[in-house]
Amino acid sequence: MRPSWDEYFLNIAKAVGTRATCLRRLYGAVIVKDNIIISTGYNGAPRGAVNCVDAKMCQRNLHNVPKGERYELCEAVHAEQNAIINADPEKMKGATIYIAGVNADGSLASGKPCLLCRRMICNAMLSKVVYYETDGSIVECEPKNITDEK
């Protein structure tokens, strides 16, 4: 069966995430406008920095830090941030960002952007966020409408 555009771009985001250098979660992000990919990004250490895969160590795992906490211990730049950094600002206006994540055990991770990424998404003037939730459902919303409420 032919996938919808949302499924198509989320699956591409998931594939982009396979390049991630994080030991905890592999995230990929794809920025799309008019069904054309503008940029991609995955979570990983900044260019030139030692990443967790190569170091075979994650500071957040070492200290049993829960998801969403103590980002200062993490070397990685988020997938959304990398996709925004790599994109042409003019092309991002009104575009959609697709986010997919996979936990180290292979289960789906929520692609819901963290607070800092939400701010960056708004600042990049992206108009829509689409992500996989842990149960495989697709969430579509405006960046300003994303909250931390369940």
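Procedures and definitions
- Residues numbered from 1 in each chain as written.
- Predicted model: local features only at pLDDT ≥ 70, side-chain atom pairs only at ≥ 80, totals over all residues.
- Heavy atoms only, no water.
- Disulfide = S-S within 2.5 Å.
- Phe/Tyr/Trp six-rings, centres within 6.5 Å; stacked < 30°, edge-to-face > 60°.
- Helix = DSSP H or I, 4+ residues; strand = E, 2+ residues; numbered from the N terminus.
- Buried < 20%, exposed > 50% of the residue type's maximum accessible area, 1.4 Å probe, protein only.
- Core = buried A, V, L, I, M, F, W, Y, C linked by side-chain atoms within 4.5 Å.
- Arc of directions from axis to C-beta.
- Contact = heavy atoms within 4.5 Å.

Draft legend 1. Expanded view of the state of the cysteines. What the rule picks out here adds up to zero disulfides. The thiol sulfur of cysteine 22 is not disulfide-bonded, and the nearest other cysteine sulfur, from cysteine 58, lies at 5.7 Å. Its sulfur unpaired, cysteine 141 is 10 Å from the next cysteine sulfur, which belongs to cysteine 122.

Draft legend 2. Region of interest: the packing of aromatic side chains. Following the criterion strictly, the structure yields four aromatic pairs and no others. On the numbers, 5.7 Å between centres and 85 degrees between planes, the contact of tryptophan 5 with tyrosine 8 is edge-to-face. With a gap of three residues between them, tryptophan 5 and tyrosine 8 both fall in helix H1 (residues 5-17), about one helical turn apart. Take tryptophan 5: its relative accessible area is 46%, and that puts it in the partly exposed class. By relative accessible area, tyrosine 8 is classed as partly exposed at 40%.

Draft legend 3. Layout of the nonpolar core. Ile31, Ile84, Met92, Ile97, Ile99, Leu126 and Val129 are the most contacted members of the largest nonpolar core, which has 19 residues in total. Contributions of two or more residues to this core are made by strand E1 (25-33), helix H4 (79-85), strand E3 (96-103) and strand E5 (128-132). In this structure, Ala13, Val16, Tyr98 and Ala100 belong to the second largest nonpolar core, which totals 10 residues.

Draft legend 4. Spatial organisation of unusual backbone geometry. One non-glycine residue, lysine 56, lies in positive phi territory at about 55 degrees. Along the chain, lysine 56 turns up in the loop between helix H2 (52-55) and helix H3 (59-62). Its identity as a non-glycine residue notwithstanding, asparagine 64 has a phi of 50 degrees, on the positive side. Assignment of secondary structure puts asparagine 64 in the loop between H3 and H4.

Draft legend 5. Structural detail: helix H6 (residues 115-123). Within H6, burial applies to Cys117, Arg118 and Ile121. An end-on view of H6 places all buried positions within 105 degrees of arc, on one side of the element. In H6, the exposed residues that point more than 90 degrees away from the buried face are Arg119 and Asn123. Buried residues in H6 make contact with H4, E3 and E5. Taken from the residues just after H6, methionine 125 is the one with a positive phi, measuring 65 degrees.

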